[in-house]
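An overview of the molecular structure
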Amino acid sequence: MTDQELIHRFLEDPAGLAEADLEQLIAHLRAEPAKAVELREQLIVDDLLGQKLAVDRKNFIIMVQQRLTDYERGEEEVYNQVADLRAIAEAEIEKKVRPPGINPWIKFAGGISLIVVPLLCFVVWRYQESAPRAVANVEELSGQVVRLKGSTEEPLRVGQTVSTGDTIVAAPGSSVLWKYKDGTTVRILGDSETELSADANLAKQVRLERGELVASVAKQIRGAMVFTTPHATATVIGTELRLVVVEANTQLDVTEGKVDFQRNSSSQILHLTANESGVATAANIQPNKALWPVNRASAAFLYEEVDKPLARNPESGNLRETSLLDEADEAGKDTLSFVKKSGEFACDIVFTPEKTISLQPAVLCSFGPYGNENFLLIQRGKELSVQLRGASSSTPIVVELGEITLGSPHYVSFSCRDGAIVAVVDGVEVSAKEEMQSPIAGWEEGPLVLKADASGKRPWRGDIAALAIFDQFVDKALSDANRLRYKQLHP
Amino acid sequence: MTDGSQPLDYDDIVRDTSPNIRAYIAGMGVPRHDVDDVAQDVYVELYRFFDRMPAEVQPRQWLKGIARNLCLNYFRRNSRRSRLQREALVEIFLRAEQEEEASLSEGPVRHALDGCYEKLPQQSRKMLALKYEQELPSATIAEKMKSTAEAIRVALFRIRASLKDCIASTLAAEGS
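Residues numbered from 1 in each chain as written. Chains lettered and ligands numbered in written order. Predicted model: local features only at pLDDT ≥ 70, side-chain atom pairs only at ≥ 80, totals over all residues. Heavy atoms only, no water.

A closer look at the pattern of salt bridges
All names here are of chain A. One pass over the structure, following the stated rule, counts 35 salt bridges over all chains. Between Glu140 and Arg187 there is a salt bridge whose closest N-O contact spans 3.1 Å. Placement of the pair is Glu140 in strand 1 (residues 134–142) and Arg187 in strand 7 (residues 185–198), with a sequence separation of 47 residues. In this structure Arg187 comes out as buried when scored by relative accessible area, which is 8%. (Salt bridge = Lys/Arg side-chain N within 4 Å of Asp/Glu carboxyl O. Helix = DSSP H or I, 4+ residues; strand = E, 2+ residues; numbered from the N terminus. Buried < 20%, exposed > 50% of the residue type's maximum accessible area, 1.4 Å probe, protein only.)

Quick notes on the packing of aromatic side chains
Describing an aromatic ring pair means giving the distance of the ring centres and the angle of the ring planes. For the structure shown, the criterion picks out 13 aromatic pairs over all chains. Plain terms: the ring middles of Tyr10 of chain B and Tyr47 of chain B are 5.4 Å apart, the flat faces sit at 75° to each other, and that makes the pair edge-to-face. Residue Tyr10 of chain B is found in helix 1 (residues 10–26), and its partner Tyr47 of chain B is found in helix 2 (residues 32–48); the two are separated by 37 residues along the sequence. For the residue pair Tyr10 of chain B and Tyr47 of chain B, the accessibility class agrees, reading buried in each case. Centroid distance Tyr10 of chain B to Phe50 of chain B: 5.9 Å. Interplanar angle 80°. Geometry classified as edge-to-face. Of this pair, Tyr10 of chain B sits in helix 1 while Phe50 of chain B sits in the loop between helix 2 and helix 3 (59–78), placing them 40 residues apart in sequence. Overall, Tyr10 of chain B belongs to the buried group, its relative accessible area being 6%. Aromatic ring contacts, followed pair by pair, group Phe345, Phe367, Phe375, Phe414 and Trp443 of chain A into a single cluster. In this arrangement the basic side chain of Lys52 of chain A is found over the ring face of Tyr117 of chain B, its NZ or CZ atom lying 4.9 Å from the centre. (Phe/Tyr/Trp six-rings, centres within 6.5 Å; stacked < 30°, edge-to-face > 60°. Lys NZ or Arg CZ within 6 Å of the ring centre and 35° of its normal.)

What to know about the pairing of strand 1 of chain A
All names here are of chain A. Here three bridges tie strand 1 to strand 4 (residues 161–163), and the two strands are oriented antiparallel to one another. Paired with Ala136 across the bridge in strand 4 is Val162. Across six bridges, the pairing between strand 1 and strand 6 (residues 175–180) is antiparallel. Across the sheet, residue Leu141 finds its bridge partner in strand 6, namely Val176. (Pairing = 2+ DSSP bridges.)

Regarding unusual backbone geometry
Residue and element names in this part refer to chain A. Geometrically, the link from Trp292 to Pro293 is a cis peptide bond, its omega value of -10° lying close to zero. As for its position among the elements, Pro293 is in the loop between strand 16 (285–288) and strand 17 (299–304). Even without being glycine, Asp426 reaches a positive phi, approximately 50°. Note on placement: Asp426 falls in the loop between strand 26 (420–425) and strand 27 (428–434).

Regarding the packing of helix 4 (residues 60–72) of chain A against helix 2 of chain B
As a packed pair, helix 4 of chain A and helix 2 of chain B sit with axes 9 Å apart at the nearest point and diverge in direction by 55°. In terms of orientation, helix 4 of chain A lies oblique with respect to helix 2 of chain B. Judged by the twist between their axes, the crossing of helix 4 of chain A over helix 2 of chain B is right-handed. Every residue of helix 2 of chain B that contacts helix 4 of chain A at Phe60, Met63, Val64, Arg67, Leu68, Tyr71 and Glu72 of chain A is listed here: Asp36, Asp37, Ala39, Gln40, Asp41, Tyr43, Val44, Tyr47 and Arg48 of chain B. Its residues placed into classes, the contact of helix 4 of chain A with helix 2 of chain B shows nine nonpolar, one polar and six charged. (Axes fitted to C-alpha atoms, helices over the stretch in contact; angles between N-to-C directions. Parallel < 35°, antiparallel > 145°, perpendicular 65-115°, else oblique. Left-handed = near helix turned anticlockwise from the far one by under 90°. Contact = heavy atoms within 4.5 Å. Nonpolar A, V, L, I, M, F, W, Y, C, P; charged D, E, K, R; others polar.)

What about helix 6 (residues 122–133) of chain B?
Inspection of helix 6 of chain B places Ser124, Met127, Leu128, Ala129, Leu130, Lys131 and Tyr132 of chain B among the buried residues, and these make up the whole buried set. Among the residues trailing helix 6 of chain B, Glu135 of chain B stands out with phi positive, at a value near 55°.

Focus on the state of the cysteines
With the rule as written, the count across this model stands at one disulfide over all chains. Disulfide pairing is shown between Cys116 of chain B and Cys166 of chain B; the S-S distance is 2.1 Å. Sign of the S-S torsion, about -90° for the bond between Cys116 of chain B and Cys166 of chain B, identifies this disulfide as left-handed. Note that Cys116 of chain B is positioned in helix 5 (residues 109–118) and Cys166 of chain B in helix 8 (residues 149–175), a separation of 50 residues in sequence. The burial state of Cys116 of chain B is the same as that of Cys166 of chain B; both residues are buried. Left without a disulfide partner, Cys347 of chain A is nearest to the cysteine sulfur of Cys365 of chain A, which lies 5.2 Å away. (Disulfide = S-S within 2.5 Å.)

Structural notes on the environment of Ile44 of chain A
You can see Ile44 of chain A is positioned in helix 3 (residues 33–53). On the basis of relative accessibility, which here comes to 0%, the residue Ile44 of chain A falls in the buried class.

Some remarks on the packing of helix 1 of chain B against helix 2 of chain B
All names here are of chain B. Running from N to C, helix 1 and helix 2 point in directions that differ by 140°, and their axes come no closer than 10 Å. For the element pair helix 1 / helix 2, the angle class is oblique. In this structure, the crossing between helix 1 and helix 2 has a hand that is right-handed. Mapping the contact onto sequence places Tyr10, Ile13, Val14, Thr17, Ser18, Ile21, Arg22, Ile25 and Ala26 in helix 1 and Val35, Asp36, Val38, Ala39, Val42, Tyr43, Val44, Leu46 and Tyr47 in helix 2.

Notes on the sheet that holds strand 21 (residues 362–367) of chain A
Residue and element names in this part refer to chain A. Read across the open sheet, the five strands follow the order 24-23-22-21-28; overall the sheet is antiparallel. Of all the strands in the sheet, just strand 24 (397–403) and strand 28 (448–450) have a single pairing partner and so form its edges. Pairwise comparison of adjacent strand axes, ignoring direction, gives a mean angle of 15° for this sheet. Across six bridges, the pairing between strand 23 (residues 383–388) and strand 24 is antiparallel. Bridging from a neighbouring strand, Glu383 pairs with Glu403 of strand 24.

Some details on the confidence of the model for chain B
Residue and element names in this part refer to chain B. Scored by pLDDT, chain B has a mean of 86; 91% of the residues are at 70 or more. Taken as a whole, residues 1–6 scores under 50 in pLDDT and shows nine contacts with residues more than four places along the chain or in a different chain. Scored as a complex, the prediction yields pTM 0.44 and ipTM 0.93. (pLDDT = per-residue confidence, 0-100.)

Things to note about the environment of Pro293 of chain A
Residues and elements named next belong to chain A. Classification of Pro293 by relative accessible area gives buried; the value is 1%. Each C-alpha atom of the pair Pro293 and Ala468 lies 7.6 Å from the other, and the pair is 175 residues apart in sequence. If we ignore the near neighbours within four places in the chain, the residues touching Pro293 are Leu302, Ala468, Phe470 and Asn482.

So, the interface of chain B and chain A
Counting residues at the interface gives 62 residues for chain B and 53 residues for chain A. Taking both sides of the interface into account, the surface hidden between chain B and chain A amounts to around 5,800 Å²; carbon and sulfur atoms contribute 62%. Here chain B is connected to chain A by seven salt bridges. Salt-bridge contacts for Arg32 of chain B lead to Asp46 of chain A; the nearest nitrogen and oxygen are separated by 2.9 Å. Along the contact surface separating chain B from chain A lie 15 residue pairs in polar contact (both at pLDDT 80 or more). Counting only elements with at least two residues in the side of chain B that touches chain A, the list comes to helix 1, helix 2, helix 4 (83–99), helix 5, helix 6 and helix 8 of chain B. Residues belonging to the side of chain B that touches chain A are distributed by class as follows: 30 nonpolar, eight polar and 24 charged. (Buried area = accessible area lost by both parts, 1.4 Å probe. Polar contact = N/O pair within 3.5 Å; in protein donor to acceptor, adjacent residues only side chain to side chain.)

Shown next as structure tokens:
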């Protein structure tokens, strides 16, 4: 056979060449690389023609969806288990010579099994559908979170799976994040009660009785993911959202994608898209003005350039107007009371440093007593850093946030709690420390000051457009949501 | 993440890249009847590890990486006797990919093929229908067209070569 004939044969059936022919073809292609290029192009066009003309290749996307459905159902495992049996069965079918005569009892048993096996499969399938199914893994957890299964209660730990039928209860100041196999994540914050379930098609469902939930929902192929609360239902195909349930209402903030938000006792639906918000009560459902930050409920102090600063009143829990000029001490004291209570601290700040470079350290934000500040955000030249008061020692903890561009706006998030520090600059996580004892227990009362330290020294030059201090940890996802919301409101 | 701001949609990626990825798998010598199985495995892998796809990498490039590994696995699994030869062929085809002037596994190739197919003579389209629509072997086509199997293989080779030139020039024109 000539080399060209070999190529033609290979194109006709790439699996059909004998070993010796393959050796010859390989030698030919190695000797003439241009022929290898030509053969590869022929194979590609051959396949494109197959895609265009072959009937059984026209529904590729549907076949992929089917494969994903099988994968989701965990049938890969079942498939592997029966693969050997199937191979044996196929080998039997391919045998050209059939054994003469089959025992009638074997035929009878075969007939019975044809009826019984599908029935058994159906029963098992129905049972599996109603039985608890492990659906997600606990990826992060802080504080006290327990799982209720019937009348039993057990502490939840990182690495455990959560199943349909589980009720997850978190104590105030706690948080838990679980991740589904498709990448969907649900984070529960603070005093909350949540139940996991699934519908008949195994579409994900979460019921939030009370508390706060932030979800990032991957594209759903088994049907919309449904979040229910005592007041409303949010139906999601793929998006990022946040739900806050208090006794009187449910608030939904949509960060990305689309969500149908329906009040439980009426057919009225709000179609919410990215950066929109809605509130459902027992009596009505209505759009809500989008505000920065999205986790406003956990803000202890808020400042946006256009408005007066707001500080949460420790007595009532409501935000009230304050002034950083003559009420800096009170703002600092109130903020600290919330932070110490939760054991978590976070700060989101939007600022533009002056274009002129200065090598002297300058303080953007100071929180705590002069000389022993709880939190300092410092710029030196182009470098940004955070200095935290340590829990026990007098040595402060310094976290380098990296270089910033002078004259350009920046969005910085910094969070700490027992076991974790996270810093995000303009959407990039620049620092993440674990297994560190929270310094917050040792923090002391002192003023909250912007653009200088508490003594008025180390002045910082530039513009601070917004500042939020939270009594809850702000992770990368929440920081991103806040940054995008700020961008939407201040384009 | 193509532009760094819009999140990628899994379904959009499958729709946009599947013609190229299937052709790419075929271009490594995987038999036609197994190409779609391997391609489905590629998209299941993408689905399983969707969050691991680096933001700066184009989905098509990422998928080609997965496809390369799965093709090698395919030959290891299915070619017990000629495994080494099959792996050598994959290596040759990967090298050929680097030397290719106009990449046929990039861009809207299926759309380009549709246009080029319409330009083919009636006789060529008839032969392609017998080969790809009815999936007949060359010997059977030869009987129907009163020719020889080798002559049919040569004719198909030439038709594919002309289609390849047409697709490459269409893609180049659209690219420019």
